[in-house]
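# Chain and residue survey
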Amino acid sequence: MKEMDKVGRYLEMAEPFHCDFSHRLFIGHLGNHMLNAADFHSRDRGFGMDFLNSIRKTWVLSRLAIEMDEMPAQYQKFYVETWVESAMRYFTQRNFRVVAADGDNPDNAKVFGYGRSIWAMIDTETRQPTNIFDIDDGAIMKWVEKDKVNPMTKLTRVQMDDNARLVRSIDTFYNDVDINGHINSVKYIEHVLDLFPLDWYKEHPLKRFDIAYVAEAHQGDRLNFYQEEDADEELCYKIRITKTVAGSGDEVETCRSKVKFV
């Protein structure tokens, strides 16, 4: 039996109702494809969420960045490739590459873009980080792929000051919640991108989206979005999201994001 590759490769399609006005895939749906690819890859190799849930553990997304030269067009088939770049005690770095499903040789296929992510393994009862290397005697290291190149710049902290202005507050409901019981990672992306009007996107394609998750939010929490322009980079905006817990006036930061247009 052929040994499984370190790099997972999953065929997808830009379904018409997952595309925006430009007839190209929403970046939120691309984010879902990436997270699904991460789950399929880890599940097939023995450290997926279904196994982890059986021992009261799970993966949670800590950071995600997506940088695209072009989005797949309506009905276009594409592959999401994913691989583990490195693994540490509490975090693992996972990469993505999005390529057209043209021909049999992925090395010659059109590259749409890349993604970078950082994941933590947590205890589902305490919600605290747990040692990744405790799982099957650190078997995840068998799947680390250091030779495949991701040209994206590394993930960095989104620095913001106190001058960011409150631009929107929204309530959270059933459709915002994921299988881990907290607000879905991709829902944050969609809510951030909704801060910009449709006419803006007609003139300014999205180039890169970075998001770092700080604390969990849950159904019923109110999300507050604070926005400021990046003084060092044109057409770049930084957004801090806080939660206001139902029945409380206190705000707690849940994540920060950075959006780059061209």
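## Side note on the pattern of salt bridges
All told, the structure shown has 20 salt bridges when counted by the stated rule. Note that glutamate 81 and lysine 148 form a salt bridge whose closest N and O atoms lie 3.3 Å from each other. With glutamate 81 in strand β3 (residues 77-87) and lysine 148 in the loop between β5 (111-123) and β6 (165-171), this residue pair connects regions lying 67 residues apart in the sequence. Classification of lysine 148 as partly exposed rests on a relative accessible area of 24%. One salt bridge connects glutamate 228 with lysine 238, and the closest N-O pair in it is separated by 3.4 Å. Taken as a pair, glutamate 228 in strand β8 (residues 222-229) and lysine 238 in strand β9 (residues 236-244) lie far apart in primary sequence, 10 residues in all. Note on lysine 238: relative accessible area 12%, which makes it buried. Taken together, the shared-partner salt bridges in this structure form one network comprising Arg9, Glu81, Arg97 and Lys148.

## Notes on a nonpolar patch on the surface
There is a patch of nonpolar side chains on the surface, built from Met88, Tyr90 and Phe91 and spanning about 250 Å² of accessible area. Structurally, phenylalanine 91 is set in strand β4 (residues 91-100).

## Some thoughts on the packing of helix α1 (residues 27-44) against helix α3 (residues 185-193)
The interhelical angle for the contact between α1 and α3, taken along N-to-C directions, is 165°, at an axis separation of 9 Å. Relative to α3, α1 is oriented roughly antiparallel. For the element pair α1 and α3, the recorded crossing hand is right-handed. Counted together, Ile27, Gly28, Gly31, Asn32 and Leu35 of α1 and Ser185, Val186, Ile189, Glu190 and Leu193 of α3 form the full contact between these two elements.

## Notes on empty space enclosed by the protein
Inspection of every chain in the model, using the stated rule, returns one cavity of 30 Å³ or more. Looking at the largest cavity, its volume works out to about 50 Å³. Around the largest cavity, the lining residues are Arg63, Leu64, Leu155, Thr156, Val158, Asp210, Ile211, Ala212 and Arg256. Mapped by element, the contributors of at least two residues to the lining of the largest cavity are β2 (57-68) and β7 (206-213). Here the lining of the largest cavity takes three residues from β7, the largest share from any one element. For the lining of the largest cavity, a count of residues per class yields five nonpolar, one polar and three charged.

## Quick look at the pairing of β7
A regular strand places its side chains so that they alternate between the two faces of the sheet. Counting buried positions along β7 gives seven out of eight residues, so the element sits mostly inside the fold. In terms of strand pairing, β7 meets strand β10 (residues 251-261) through seven bridges, oriented antiparallel. Note on β10: the bridge partner recorded for aspartate 210 is lysine 258.

## Description of the packing of aromatic side chains
Scanning all chains against the criterion turns up 10 aromatic pairs. Pairing tryptophan 200 with phenylalanine 261 gives two aromatic rings, centres 5.6 Å apart and planes at 85°, and the pair type is edge-to-face. Of this pair, tryptophan 200 sits in helix α4 (residues 198-203) while phenylalanine 261 sits in strand β10; the two residues are 61 residues apart in sequence, bridging distant segments of the chain. Three or more aromatic residues link up through ring pairs in this structure, and these residues are Phe196, Trp200, Tyr201, Tyr237 and Phe261. One Lys or Arg, arginine 45, reaches over the ring of tryptophan 143 and ends 5.4 Å from the middle of that ring. Sitting over the face of the ring of tryptophan 83, lysine 148 holds its NZ or CZ atom 5.2 Å from the ring centroid.

About the cut-offs
Residues numbered from 1 in each chain as written. Predicted model: local features only at pLDDT ≥ 70, side-chain atom pairs only at ≥ 80, totals over all residues. Heavy atoms only, no water. Salt bridge = Lys/Arg side-chain N within 4 Å of Asp/Glu carboxyl O. Helix = DSSP H or I, 4+ residues; strand = E, 2+ residues; numbered from the N terminus. Buried < 20%, exposed > 50% of the residue type's maximum accessible area, 1.4 Å probe, protein only. Patch = residues over 30% accessible without salt bridge, like charges linked within 9 Å, V, L, I, M, F, W, Y side chains within 5 Å. Areas by Shrake-Rupley, 256 points an atom, 1.4 Å probe, with all protein chains shown as cover. Axes fitted to C-alpha atoms, helices over the stretch in contact; angles between N-to-C directions. Parallel < 35°, antiparallel > 145°, perpendicular 65-115°, else oblique. Left-handed = near helix turned anticlockwise from the far one by under 90°. Contact = heavy atoms within 4.5 Å. 1 Å grid on protein atoms, 1.4 Å probe; cavity = no way out; pocket = protein on both sides within 12 Å on 5 of 7 lines; lining within 4 Å. Points joined across faces, edges and corners; volume = space filled by probe spheres on them. Nonpolar A, V, L, I, M, F, W, Y, C, P; charged D, E, K, R; others polar. Pairing = 2+ DSSP bridges. Phe/Tyr/Trp six-rings, centres within 6.5 Å; stacked < 30°, edge-to-face > 60°. Lys NZ or Arg CZ within 6 Å of the ring centre and 35° of its normal.

None of the figures reported here should be taken as evidence of function without further support.
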